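A closer look at the structure
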Amino acid sequence: MNPRRSPNSVAVRLALFAATLFLFMPGSATAQEEAPGWKVRSPFGPLGLATPNTIRTGAGLPGPDYWQQKVDYRIEATLDPATQLLTGSETIRYRNNSPHALSVLWLKLDTNLCQPESKSQVLAVPPLMFGESVFDFTCDGSGMTLERVAAGGRDLEHEVMGTIARVELPHPLPAGGSTEVEIDWYMTQPEYGYGRTGRDGTLYQVAQWYPRVAVFDDVSGWNLTPFLGAGEFYQEFGDFLVALTVPDNFVMTATGTIVNPDAVLTDEQQSRLARADESEDAVAIITGSEALSNRGRSASGAKTWRFAAENVRDFAFAMAPDFRWDASSYDGIRIQTFYRPEAELWEEANRMSWVTIKHFSERLFPYPWPHATTVEGPNDGMEYPMLTFVPTETTREGLYWVLTHEFGHEWYPMIVNSNERLHPWMDEGFNTFIDIESVEVYFEGEPYAEAISIQPLEMWTDHSIAGSEQAMALPPDEQHDLFWAGYFKPALMLHLLQYEILGKDRFDRAFREYTHAWAFKHPTASDFIRSMENSAGMDLDWFWRAWVYSTARLDQAVAGVSVTDVGVTEIRLESLGRMVMPAELQLGFSDGAAEIVRLPVEMWKLGPVYTYRVTAGREVTSVTLDPRGVYPDDDRANNEWPR
Ligand SMILES: [Zn+2]
């Protein structure tokens, strides 16, 4: 096309310019306005994604100028079970890889959610209900007291504002520079802490516990979304050296490897661990009867456990005097399960963990850390690098589901570090999606494996309620039904993308490429969408718009069937909802034959009505849309002809 240059008329030039744009705009507005029922703007128009740049490219990949901060921690802490006092000193080494000088550091003090004056406690934020699991955001702890914040021996000005704190650096930290900040702090470990941290008698699961530096990135600058409970955490990667001093009758496990095994483990435990490191089957490091006899032992002093972890986004730990401890090895990774003697189902948990870590490693990205550990206890399910918390559970199915889910988080978001406080679908959702296949692998041939893949579609009826459903793009704190919008709806979305739109191989390759491209980095929603579209080779803006950014509903219908003068059967199909999807038709013929026709989503490009023509000479006697019942179709009564 060669638009003519108009003499001096701005108005005409603008009009021409507009007309040119218009021609290139997918699904022109005129076409929609003329099409009855197609009242919304084109479902195929481009999504308003973030403008690509040299940090995050148009192909959805980290660009040549991609940067992220590195934050290392050295922490020495003591937990006294007599007083529940957790006291710590930490040195934060902050490496500023950004191109900007920074004059402040922002800290996150999640445990301040426990303060009576915290936003969550004042508002009495209601708990999240996930079926039988409850994530209550009440807390009986004290919050965090910062006793000293200093650098180079000089106290730093700082101000605590609820779950965040601003620390003034003595000098602006230049681009490429590093600084160290020392913090002395204390808190009381709550019995029940906002569904993330807590204890049950003498079993402790301690998480989100030390002052952590907030993420500074190219997208939002400082990420300071307050911790209200539902949003989990968004952290920088770094290395940890942590020394934890506790009574010497406790057995401990944590993010990171034990660097002083001689000081904290018996010779027998160490030789059993050496055997476990050569074994695919679980080896008891602490047996059931040993755990029971340990239970009766009281402390004779204190013991310091030292852990080191590299390239992780957080650090959590657990301890109890009476843990059973099983270990095995997959591909050089120590697979560990810690549980109380009463949790009998947990004898299978090590096998479950082994299968889970192997499955996700092969399917997504090799598990990158030296151990993968699950601890049984009061927490209803929570994930930290190398360490997950899983409840006792009463069925094998329930145990596997939570166990594989929490381990799935090692990939999203512990490796692929999206912002959980903003995009629950990118970690809980991706994870729920991959968990389904993990269940199918572990329970192959059993009824649970058969039932699991249709679970998201079954949930759709109860949870996807027109008028009250919310877009999955909303942050977790704004979701009334996070279980649906953050977990199972994204799983349904990705399942349909995998099997109905891209096909399994094409989807799997794209999803794996996204995972590899953003491993140990901070992808945004725009990055994921671009990466998937580029890798799969398909414009999917129409898909994400409907599923992620709106509550568009699907209603495909057979509007009518007629035969032309020359004997061509015309099947009039309609897309009555705001969501478009490909269509599958089952045609029945008068000679008894049946045929499946798969129509790509481009059928709706010219509007919400599409006529499919069947070659002359064959009499169509029945038409069924979505004969396998795989779509969440709002009105299935109009899927059949004759009605
Ligand atoms: Zn989760």
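Here the structure is a predicted model, which is why all the values come from computation and not from measurement.

Some remarks on the overall build of the chain
A count of helices and strands for the chain gives 15 helices and 34 strands. For the chain, whose C-alpha radius of gyration is 28 Å, the value lies close to the compact-globule estimate of 26 Å for 643 residues. Once the C-alpha set of the chain is aligned to its principal axes, its extents read approximately 95 × 70 × 45 Å. Looking at the chain as a whole, 57% of its 643 residues qualify as buried. As presented, the chain carries roughly 26,100 Å² of accessible surface, and 52% of it is formed by carbon and sulfur atoms. Averaging the locations of the 51 positively and 90 negatively charged side chains of the chain gives two centres separated by 7 Å.

A word on the coordination of the zinc ion
Every protein donor of the zinc ion is listed here as His405 (NE2), His409 (NE2), Glu428 (OE) and Glu428 (OE), and their distances to the metal cover 1.9 to 2.7 Å. For the zinc ion, the four donor atoms in the first shell make angles of 52 to 151° at the metal, a pattern classed as irregular.

So, the confidence of the model for the chain
Confidence along the chain averages 92 in pLDDT terms, with 94% of residues attaining 70 or more. Across residues 1-40, where pLDDT falls below 50, the model places 29 contacts with residues more than four positions away in sequence or in other chains.

Looking at the packing of helix α7 (residues 349-363) against helix α8 (residues 396-408)
Geometry of a packed helix pair, given as the angle between the helix axes and the separation of the axes. Direction vectors running N to C along α7 and α8 enclose 40°, while the axes themselves pass 10 Å from each other. In terms of orientation, α7 and α8 fall into the oblique class. The chirality of how α7 crosses α8 is right-handed. Residue-level inspection shows Ala349, Met352, Ser353, Val355, Thr356, Ile357 and Phe360 of α7 in contact with α8, the latter providing Arg396, Leu399, Tyr400, Leu403, Thr404, Phe407 and Gly408. Among the residues making up the contact of α7 with α8, the classes are represented as nine nonpolar, four polar and one charged.

As for the domain arrangement of the chain
Along its sequence, the chain is organised into domain 1 (67-236) and domain 2 (556-641). Distance between the C-alpha centres of domain 1 and domain 2: 56 Å.

Focus on the pattern of salt bridges
Under the criterion given, the structure shown has 40 salt bridges. The closest approach of N and O atoms between Asp314 and Arg212, which form a salt bridge, is 2.6 Å. Of this pair, Asp314 sits in the loop between β21 (302-312) and β22 (317-320) while Arg212 sits in strand β14 (residues 212-213), and the two are 102 residues apart along the sequence. An identical accessibility class is assigned to Asp314 and Arg212; each is buried. The closest approach of N and O atoms between Glu437 and Lys504, which form a salt bridge, is 3.6 Å. Here Glu437 is found in helix α9 (residues 424-442), whereas its partner Lys504 is found in helix α13 (residues 504-517), with 67 residues between them in sequence.

What to know about the sheet that holds β14
Strand order across the open sheet formed by four strands is β8-β9-β3-β14, with antiparallel pairing between neighbours. Since the sheet does not close on itself, it has two edges, and those belong to β8 (158-161) and β14, each with one partner. As paired elements, strand β3 (residues 102-108) and β14 share two bridges and run antiparallel to each other. Within β14, the residue paired with Leu107 across the bridge is Val213.

Points about the pairing of strand β24 (residues 333-339)
Among the seven residues that make up β24, six are buried, leaving the element largely enclosed by the rest of the structure. Bridge count for strand β23 (residues 324-330) against β24 is seven bridges, and the pairing is antiparallel. In the strand pairing of β24, Arg324 is matched with Tyr339. The antiparallel hairpin formed by β23 and β24 contains two residues in its connecting segment, where Asp331 sits at a positive phi of about 50°.

Quick look at the side chain of Arg553
Within the secondary structure, Arg553 sits in the loop between α15 (541-547) and β28 (556-563). At a separation of 2.9 Å, a polar atom in the side chain of Arg553 contacts the main-chain carbonyl oxygen of Ser464. Separated by 2.7 Å, the side chains of Arg553 and Asp634 make a polar contact.

What to know about the pairing of strand β13 (residues 203-206)
Burial along β13 is two-sided: the residues Leu203 and Gln205 and Tyr204 and Val206 are all buried. As paired elements, strand β12 (residues 197-200) and β13 share three bridges and run antiparallel to each other. Looking at the pairing, Arg199 lines up with Tyr204 of β13. Hairpin remark: β12 followed by β13, antiparallel, with two residues in the connecting loop; positive phi at Gly201, about 60°.

Overview of the environment of Asp110
Residue position: Asp110 is located in the loop between β3 and α3 (119-123). The buried category is assigned to Asp110, whose relative accessible area is 2%. Residues contacting Asp110, with those up to four places away along its chain left out, are Thr163, Tyr194, Gln208, Arg212, Phe227, Glu232 and Arg421. A polar side-chain atom of Asp110 sits 3.2 Å from a polar atom in the side chain of Arg421.

Some points on the sheet that holds strand β32 (residues 609-614)
Consider a sheet: its strands pair through backbone hydrogen bonds, and that pairing is either parallel or antiparallel. On the basis of which strands lie adjacent, the open sheet formed by three strands has the order β28-β29-β32 and antiparallel pairing. This sheet does not close on itself; its edge strands, each paired only once, are β28 and β32. Between one strand and the next, the sheet's axes are offset by a mean angle of 25°, whatever the strand orientation. When strand β29 (residues 569-575) meets β32, the two strands line up antiparallel, connected through six bridges.

With respect to the packing of aromatic side chains
Enumeration over the complete set of coordinates arrives at 53 aromatic pairs. Considering the side-chain rings of Phe433 and Phe511, the 5.9 Å spacing of their centres and the 80° angle between planes classify their relative orientation as edge-to-face. With Phe433 in helix α9 and Phe511 in helix α13, this residue pair connects regions lying 78 residues apart in the sequence. When the ring centre of Phe233 is taken as origin, the NZ or CZ atom of Arg212, which lies over that ring, is 5.1 Å away. Above the ring of Phe589, the side-chain terminus of Arg618 is found at 3.8 Å from the ring centroid.

Concerning the state of the cysteines
Throughout the structure, instances matching the rule amount to one disulfide. The partner cysteine of Cys114 in its disulfide is Cys139, sulfur to sulfur 1.8 Å. In this structure, the disulfide formed by Cys114 and Cys139 twists by about 60° around the S-S bond and is classed as right-handed. Pair noted here: Cys114 is in the loop between β3 and α3 and Cys139 is in the loop between β5 (133-135) and β6 (145-151), with a separation of 25 residues, a long-range link.

Conventions adopted
- Residues numbered from 1 in each chain as written.
- Predicted model: local features only at pLDDT ≥ 70, side-chain atom pairs only at ≥ 80, totals over all residues.
- Heavy atoms only, no water.
- Helix = DSSP H or I, 4+ residues; strand = E, 2+ residues; numbered from the N terminus.
- Rg over C-alpha atoms; globule rule 2.2 N^0.38 Å.
- Buried < 20%, exposed > 50% of the residue type's maximum accessible area, 1.4 Å probe, protein only.
- Areas by Shrake-Rupley, 256 points an atom, 1.4 Å probe, with all protein chains shown as cover.
- Lys, Arg positive; Asp, Glu negative; His and termini not counted.
- Charge placed at Lys NZ, Arg CZ, Asp CG, Glu CD.
- Donors = N, O, S within 2.8 Å, 3.2 Å for Na, K, Ca; no water.
- Tetrahedral: all angles 85-135°; square planar, octahedral: opposite > 155°, others 65-115°.
- pLDDT = per-residue confidence, 0-100.
- Contact = heavy atoms within 4.5 Å.
- Axes fitted to C-alpha atoms, helices over the stretch in contact; angles between N-to-C directions.
- Parallel < 35°, antiparallel > 145°, perpendicular 65-115°, else oblique.
- Left-handed = near helix turned anticlockwise from the far one by under 90°.
- Nonpolar A, V, L, I, M, F, W, Y, C, P; charged D, E, K, R; others polar.
- Domains from an automatic or database assignment.
- Salt bridge = Lys/Arg side-chain N within 4 Å of Asp/Glu carboxyl O.
- Pairing = 2+ DSSP bridges.
- Polar contact = N/O pair within 3.5 Å; in protein donor to acceptor, adjacent residues only side chain to side chain.
- Phe/Tyr/Trp six-rings, centres within 6.5 Å; stacked < 30°, edge-to-face > 60°.
- Lys NZ or Arg CZ within 6 Å of the ring centre and 35° of its normal.
- Disulfide = S-S within 2.5 Å.

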